[in-house]
Amino acid sequence: MKTFSESHKTVFVVDHCPYMSESCRQHVEFDMLTKNRTQGIIPLAPISKSLWTCAIEASMEYCRIMYDIFPFRKLVNFIVSDSGSRTLNSWNQEDQNLQELMAALAVIGPPNPRADPECCSILHGLVEAVESLCKITDYQHESRTELMENADRVANRGRIICITNAKSDSHVQMLEDCVNETIHEHNKLAAGSDHLMQIQKCHLVLIHTYPVGEDSLVSDRPKKELSNVLISEVHSVKAGRHLSTKLNQLVQLHFDLASTTITNIPMKEEQHANTSANYDVELLHHKEAHVEFNKSAGEGYNGSSSRENCLKETVTLKWCTPRTNSVELHYCTGAFRISPVDVNSRPSSCLTNFLLNGRSVLLEQPRKSGSKVISHMLSSHGGEIFLHVLSSSRSILEDPPSISEGCGGRVTDYRITDFGEFMRENRLMPFAEPRYCMDGGPEVPLERAKEQLERHTRYWPMIISQTTIFNMQAVVPLASVIVKESLSEEDVLNCQKTIYNLVDMERKNDPLPISTAGTRGKGPKRDEQYRIMWNELETLVRAHVRGSDRHQRVMDCLMACRSKPPEEEERKKRGRKREDKEEKAEKPPKENEHEKKWQESERVKSVLDREKEDLAEAEVIKDSPDSPEPPNKKPHIMVEDTGPAEKSKGPMSLLSLWSSRINTANSRKHQEFVGRLNSVNNKAELYQHLKEENGAEGVENGKGSRQ
Amino acid sequence: MPTVVVMDVSLSMTRPVPVEGTEEFQRKHLAVHGLTMLFEHMATNYKLEFTAMVVFSSLWELMVPFTRDYNTLQEALSNIDDYDKTCLESALQGVSSVVQQEWGASIPSQIVLVTDGCLGIGKGSLQHSLATLNQRNDSNRFPLPFSFPSKLYIMCMANLEELQGSDSLEYLERLIDLNNGEGQIFTIDGPLCLKNVQSMFGKLIDVAYTPFHAVLKCGNLSSDVQVFPRPEPVITDEEIDPLPKTINTDLEVVGFIDIADISSPPVLSRHLVLPIALNKEGDEVGTGLADDMEDENSANQIAGKIPNFCVLLHGSLKVEGMVALVQLGPDWHGMLYSQADSKKKSNLMMSLFEPGLEPLPWLGKTMQLGPITDAKENPYGEEDNKSPFPLQPKNKRSYAQNVTVWIKPSGLQTDVQKILRNARKLPEKTQTFYKELNRLRKAALAFGFLDLLKGVSDMLERECTLLPDTAHPDAAFQLSHAAAQLKLASTGGSEHGAYDHNIVPLQTDFSGRNSDRI
């Protein structure tokens with residue numbers, strides 16, 4: 001359906017002249033005697049609705065069905081006409097619901113039978129209706145703005161449904177002529193206006209209604225083109241349920257609806273709760289839901305015109321009692337909102353409540369013979385019920401090659417569980433309010449989701465044997481945090497702690513979960529394993545280092561702590577092993593002291609238990625047999641180690657280790673004197689930052705070659 | 001998209017073609033040559049396509065039912081006999097029934113009609129069919145447009161000049177028009193010879209049978225894939241946006257959603273997503289389909305051992321019961337999921353949603369979907385037992401909000417009975433009594449049905465007189481109060497007739513002295 005077809009705008013014009021207060025002469029018994037009542041009471045006299053009440057009821061029902069099935073983009077403007085015209089709502093989406101209309105109608109009230117019929121006319125309303133059709137709707141406005149230079153593609157069509165009591169055929173013709181003329185005039189006006197639109201097509205539906213038992217003074221007339229803009233049709237309908245039936249047919253025609261009857265719905269009897277009977281419920285929905293029936297039946301289905309003459313009968317589908325609440329992804333080719341024909345009847349409300357409670361019902365095509373064919377499903381989503389069309393024909397994708405036969409199909413150690421975790425972390429959710437970026441522009445949540453996926457996949461090995469760090473529980477605290485867009489201080493601490501923990505593992509020579517698949521023998525030696533692990537960890541952290549200064553601090557910490565490259569290891573063997581170890585072992589406790597001071601002064605409450613952890617960790621390290629480092633050896637080591645670190649791929653120098661550690665700790669505190677910050681044994685080294693920079697560069701170069 | 005090859009086997013197809021060399025060539029041979037080329041192409045590059053073959057003259061016959069076995073089709077080509085005259089209408093009728101029987105009315109199909117442009121004579125000729133188009137009724141409707149979505153490709157074993165000389169082109173163009181413009185006519189460029197036939201079929205292959213290759217991406221993870229069948233361009237509203245939309249060759253995953261939340265969404269089409277290994281020239285090495293050729297086999301085996309993102313994604317989607325939301329173009333999305341064909345076999349499948357800002361109302365606007373880390377707290381809950389979906393619409397539908405409809409007398413009677421039932425259980429049911437009373441009052445005011453208010457008021461007064469002696473004294477007070485209020489409302493005007501005014505229970509106090517009330 002075109003977005004801006006005649007059905008985009010419907011104007012109801014209902015006659016509010018004195019004549020409409022006449023009775024429709026159809027009686028309603030409202031005082032029904034029930035059992036166990038006292039005998040001999042005469043029920044109250046039945047009452048009857050006025051023509052007005054019938055017209056309003058019928059048009060409200062039209063709107064109810066329309067709003068149920070098309071809550072958006074199909075708009076109604078309601079006008080009543082007597083000595084003037086009164087418009088009950090606007091084209092705005094907020095005005096488009098039954099409650100608004102009912103409240104407005106209550107204010108209007110029934111027509112006054114004693115008003116002067118001479119001053120009252122439906123013409124006021126019809127003129128107003130044409131004016132209203134020229135007004136642009138929000139949807140039209142939006143589309144025009146969007147299409148820019150192609151704004152003229154947005155059509156302005158509409159429908160006027162007029163319920164009145166006409167005097168004769170010539171009276172009807174007079175009304176039609178009047179609408180025709182008014183359109184002509186208003187189109188001229190609209191041509192020179194920015195906020196009005198010319199009417200390109202108007203469908204006028206004139207409904208003459210009269211009390212039951214009277215003769216109609218007006219004859220029916222099918223669609224007739226009165227001008228190139230106006231098409232008009234006339235219906236002459238008895239009031240009461242006849243009028244409702246007519247409008248029910250019209251709403252189906254106007255909005256391309258079709259009817260499905262769900263049969264065999266088991267329902268508990270009101271009186272006998274232990275028995276159940278089968279009921280039928282008729283639903284309306286867009287006719288697309290029947291596309292398979294219409295076409296395969298092959299009976300004169302040629303576009304939309306055939307429906308004009310006769311409303312197709314309802315299609316019957318059988319209820320299949322749902323067995324489980326299992327979640328399944330059906331192949332669904334369409335989903336259409338429904339509206340029950342008889343919304344308040346007990347079977348209807350039983351069915352709708354069942355669905356609204358979250359159950360889905362499969363529907364089966366009744367067939368005389370052969371297998372069961374499930375062709376539809378009823379299901380509610382957020383308080384709206386949809387009829388889903390399920391594909392019941394043969395699939396063109398049957399017997400596809402299994403994914404295990406294709407590329408990558410023979411690989412058996414995919415990180416399926418880890419990727420599942422990744423998917424859960426990257427699930428989406430709806431964001432209602434618009435958000436704004438730092439630069440003030442609107443922030444699109446979906447773009448944020450893409451950015452997050454990008455960050456989370458910067459380093460993501462697909463198979464278990466390709467990774468060490470993601471197989472280590474010890475790395476999780478860092479790996480889960482480092483991918484974040486921004487890190488908190490606590491995150492940085494956790495990352496650092498993870499790194500220290502790894503250092504400790506290495507010192508204790510803990511085994512690593514390195515895959516030995518594909519290698520012969522026992523696989524790499526322990527220190528080689530650690531080298532692989534550190535390299536991988538560095539790759540991960542380096543991928544995020546540009547994220548923020550805090551990411552950088554994690555990187556710095558890692559660089560400071562990671563183990564020596566092989567060349568250095570050899571040198572260690574040549575005698576300096578002991579000193580190195582002392583350095584490494586001593587650092588964490590020192591770091592810890594800084595941390596504790598800071599915690600005490602600034603974040604006393606929240607970190608008590610973490611502090612305990614820290615203590616425990618510190619104790620583990622203090623347990624080591626290494627004695628405190630002799631201070632006088634320090635400068636010597638520094639001089640020795642910075643040199644090779646720059647040239648070789650060895651990432652760590654003692655200087656960088658020391659200073660970055662100190663920096664990390666101090667950066668959390670108040671501004672320190674730079675000199676004291678970087679002092680060694682209370683001696684400040686001048687131009688230290690120069691060396692640091694050199695060191696860092698060397699590290700970066702070294703890394704690049706390894707990847 | 002299943003294909004039906006419709007081959008003209010009328011006598012005119014045996015007209016000789018002057019070809020250099022000794023052997024005598026007929027148009028039929030050219031057609032067979034072209035189709036052979038098409039089948040060979042499909043057997044290597046479009047293996048999953050189902051193809052059927054129909055031959056026709058004045059009658060039609062299904063030579064090969066839908067199959068992926070291109071050898072069978074090839075064999076059938078070599079067993080074609082010559083028959084009488086061309087009768088296109090019945091052939092198209094045949095195609096229509098063959099397709100519908102196999103696939104129903106909603107699966108798009110491609111019809112490759114091979115003819116020489118001699119459209120028959122007399123009754124049953126295309127000229128005759130088209131001339132009588134307006135004299136048809138439902139029982140002998142012209143088969144075009146097909147009742148299923150289709151593309152009609154007409155392969156003419158003739159060149160343009162020849163066709164223009166005989167009005168044939170005009171008639172064939174009308175056929176395409178009748179099929180809502182869906183299709184294309186191919187003619188031989190230059191003299192009729194094998195080379196030119198090849199180039200004509202080459203064009204058809206380019207138009208309809210080139211595999212769709214894309215790159216599936218999820219952040220920095222990616223995989224080369226073939227999407228089968230090829231996604232077709234889509235027009236959503238020809239008036240506002242007449243340009244067909246085609247999907248990107250970069251398919252970008254934007255996030256994940258649980259299957260329960262996406263909840264069997266309606267889709268335009270669904271496609272297999274097959275990982276492929278591309279060699280340096282960009283040619284496909286293997287799509288994972290069984291193949292006879294040995295070198296390809298070994299290439300497949302190597303490709304099978306290289307980790308592929310598709311396989312990882314498929315595995316996790318299957319295990320977690322999730323789908324991946326994938327961006328197909330501007331304001332166009334789809335979903336990736338694991339589809340099981342049988343217990344053992346399953347595949348990565350992609351379904352396309354309708355293009356637009358909000359293809360699924362229960363997810364809301366797609367652009368407004370963002371990462372859960374942006375929320376203050378995880379909407380899925382710490383225990384993963386909640387969900388931010390489905391989105392609730394602003395206004396409830398009529399069936400969810402207890403609307404009042406009195407079109408059938410039973411509707412009105414039920415509502416009145418409810419009031420009566422509660423009236424007899426006063427004062428226990430005071431709240432429900434007034435709730436139902438106000439509901440009826442509101443509807444009656446909106447419908448301008450004031451007589452009903454008067455009637456119900458009378459009824460409540462009568463109920464008051466019928467109260468048994470054992471009744472609680474409050475019942476009588478509430479009934480007469482309600483009756484009086486309704487009567488006031490029925491006169492219209494004043495605040496009693498206001499829609500938003502509610503009748504509230506009479507404040508009574510029977511705890512203290514009986515006589516001292518209110």
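These numbers come from a predicted model, not from an experiment.

1. A look at the interface of chain B and chain A
Listed per partner, the contact involves 139 residues of chain B and 125 residues of chain A. When chain B packs against chain A, close to 11800 Å² is buried across both sides, 62% of that on carbon and sulfur atoms. Scanning the region where chain B abuts chain A turns up 11 salt bridges. The tally of links between chain B and chain A comes to 50 residue pairs in polar contact (both at pLDDT 80 or more). Element by element, the count of residues in the side of chain B that touches chain A is highest for helix 10 (residues 309-320) of chain B, at 11 residues. Residue classes in the side of chain B that touches chain A are distributed as 81 nonpolar, 34 polar and 24 charged. Of the strand pairs in this sheet, strand 18 (residues 428-430) of chain A and strand 18 (residues 369-371) of chain B are connected by 3 bridges, and their pairing is antiparallel. When the sheet's bridge partners are listed, A:M429 is paired in strand 18 of chain B with B:G370.

2. Looking at the UniProt feature "binding site: Mg(2+)" in chain B
Residues and elements named next belong to chain B. UniProt annotation of "binding site: Mg(2+)" refers to S10, S12 and T86 when read in the numbering used here. Spatially, the listed residues are clustered: although they cover 77 residues, their C-alpha atoms lie within 8.2 Å of one another. Within the secondary structure layout, S10 lies in the loop between strand 1 (3-8) and strand 2 (16-17). Ignoring any residue separated from it by four or fewer positions in sequence, one finds S10 in contact with F56, S57, Y83, D84, K85 and T86. There is a polar contact of 2.8 Å between the side chain of S10 and the side chain of D8. Secondary-structure assignment places T86 in the loop between helix 2 (70-78) and helix 3 (88-103). Overall, T86 belongs to the buried group, its relative accessible area being 3%. With residues up to four places along the chain from it excluded, the contact list for T86 reads D8, S10, S12, F56, S57, C118, L119, G120 and G124. Of note is the side chain of T86, whose polar atom sits 3.0 Å from the side chain of S10.

3. Thoughts on helix 10 (residues 416-425) of chain A
The set of residues buried in helix 10 of chain A consists of A:F419, A:G420, A:F422 and A:M423. Mapping the buried residues of helix 10 of chain A onto a view down its axis gives an arc of 160°, with all of them on the same face. Residues of helix 10 of chain A that are buried sit in contact with helix 11 (445-456) of chain A together with strand 9 (212-218), strand 10 (221-228), strand 11 (250-258), helix 10 and strand 15 (322-329) of chain B.

4. A closer look at the sheet that holds strand 9 (residues 230-238) of chain A
All names here are of chain A. Taking strand neighbours across the sheet as the criterion, the 7 strands line up as 5-4-1-6-7-9-8 in an open arrangement whose pairing is mixed. Whereas interior strands pair on both sides, the edge strands pair on one side only; in this sheet they are strand 5 (85-87) and strand 8 (221-225). Ignoring which end each strand starts from, the neighbouring axes of this sheet average 20° apart. Summarising the sheet, strand 8 and strand 9 pair through 3 bridges and their orientation is antiparallel. By the bridge assignment, R221 is partnered in strand 9 with V234. Contacts from helix 6 (residues 241-254) reach strand 1 (9-15), strand 6 (157-164), strand 7 (201-210) and strand 9, with the element oriented near 150° to strand 9.

5. Some points on the nonpolar core
Counting residues in hydrophobic clusters, the biggest one holds 105 residues, and the most contacted among them are B:M7, B:L175 and B:L204. If we ignore the near neighbours within four places in the chain, the residues touching B:L175 are B:L88, B:L92, B:L126, B:F142, B:L144, B:L152 and B:I154. Counting residues in each nonpolar core, the second largest holds 99 residues, with A:A55, A:L98, A:L378 and B:A443 among its members.

6. Thoughts on helix 7 (residues 194-208) of chain B
Residues and elements named next belong to chain B. Relative to the 21 Å expected for 15 residues at 1.5 Å per residue, helix 7 spans 21 Å between its end C-alpha atoms, a close match to the ideal helical length. For helix 7, every residue scored as buried is listed here: N196, V197, M200, F201, G202, L204, I205 and A208. Structurally, helix 7 contributes buried residues whose contacts are with helix 1 (27-45), strand 6 (109-115), strand 7 (150-159) and strand 8 (183-188).

7. Considering the domain arrangement of chain B
The domains assigned to chain B are domain 1 (2-209), domain 2 (212-235 + 245-360) and domain 3 (409-497). Each of domain 1 of chain B and domain 3 of chain B has a C-alpha centre, and the two are 75 Å apart.

8. Quick word on the side chain of A:T164
One can find A:T164 in strand 6. When residues no more than four places from it in sequence are discounted, the contact partners of A:T164 are A:D15, A:I122, A:L175, A:I207, A:H208 and A:T209.

9. Notes on the pairing of strand 17 (residues 384-390) of chain A
Residue and element names in this part refer to chain A. In terms of residue burial, strand 17 counts as a mostly covered element, since 7 of its 7 residues are buried. Where strand 13 (residues 332-337) meets strand 17, 5 bridges bridge the pair, whose relative direction is antiparallel. Along strand 17, the bridge assignment pairs G334 with V389. Here strand 16 (residues 373-381) runs beside strand 17; their pairing, made up of 6 bridges, is antiparallel. Across the sheet, the residue bridging to S379 is F386, located in strand 17. Here strand 16 folds back onto strand 17, and the loop between the two strands holds 2 residues, one of which, G382, carries a positive phi near 60°.

10. Details of the packing of aromatic side chains
According to the stated counting rule, one finds 23 aromatic pairs over all chains in the structure shown. A ring pair is formed by B:F39 and B:Y70, whose centres lie 6.0 Å apart and whose planes are at 45°; its orientation type is tilted. Here the residue B:F39 occupies a position in helix 1, and B:Y70 occupies one in helix 2, the gap between them amounting to 31 residues. The class for B:F39 is buried, based on a relative accessible area of 1%. Members of the aromatic cluster, each reached through a chain of ring pairs, are A:F12, A:Y62, A:F70, A:F78 and A:F255. Here B:K442 stacks its cationic end above the ring of B:Y499, 5.4 Å away from the centre of that ring.

11. Looking at the state of the cysteines
Going through the model one piece at a time under the given rule, you end up with 0 disulfides over all chains. Counting only cysteine sulfurs, A:C17 is the nearest neighbor of A:C162, a cysteine outside any disulfide, at a range of 10.0 Å.

12. Things to note about the packing of helix 11 (residues 409-423) of chain B against helix 12 (residues 430-447) of chain B
Residue and element names in this part refer to chain B. One way to put it is that helix 11 packs onto helix 12 with a least axis distance of 9 Å and a crossing angle of 155°. Relative to helix 12, the element helix 11 lies roughly antiparallel. In this structure, helix 11 meets helix 12 at a crossing whose hand is left-handed. Residues D415, V416, K418, I419, N422 and A423 of helix 11 form the contact with helix 12, whose participating residues are T432, F433, E436, L437, R439 and L440.

About the criteria used
- Residues numbered from 1 in each chain as written.
- Chains lettered and ligands numbered in written order.
- Predicted model: local features only at pLDDT ≥ 70, side-chain atom pairs only at ≥ 80, totals over all residues.
- Heavy atoms only, no water.
- Contact = heavy atoms within 4.5 Å.
- Buried area = accessible area lost by both parts, 1.4 Å probe.
- Salt bridge = Lys/Arg side-chain N within 4 Å of Asp/Glu carboxyl O.
- Polar contact = N/O pair within 3.5 Å; in protein donor to acceptor, adjacent residues only side chain to side chain.
- Helix = DSSP H or I, 4+ residues; strand = E, 2+ residues; numbered from the N terminus.
- Nonpolar A, V, L, I, M, F, W, Y, C, P; charged D, E, K, R; others polar.
- Pairing = 2+ DSSP bridges.
- UniProt positions renumbered as here; feature names shortened; annotations may be inferred.
- Buried < 20%, exposed > 50% of the residue type's maximum accessible area, 1.4 Å probe, protein only.
- Arc of directions from axis to C-beta.
- Axes fitted to C-alpha atoms, helices over the stretch in contact; angles between N-to-C directions.
- Core = buried A, V, L, I, M, F, W, Y, C linked by side-chain atoms within 4.5 Å.
- Expected span 1.5 Å × (residues − 1).
- Domains from an automatic or database assignment.
- Phe/Tyr/Trp six-rings, centres within 6.5 Å; stacked < 30°, edge-to-face > 60°.
- Lys NZ or Arg CZ within 6 Å of the ring centre and 35° of its normal.
- Disulfide = S-S within 2.5 Å.
- Parallel < 35°, antiparallel > 145°, perpendicular 65-115°, else oblique.
- Left-handed = near helix turned anticlockwise from the far one by under 90°.

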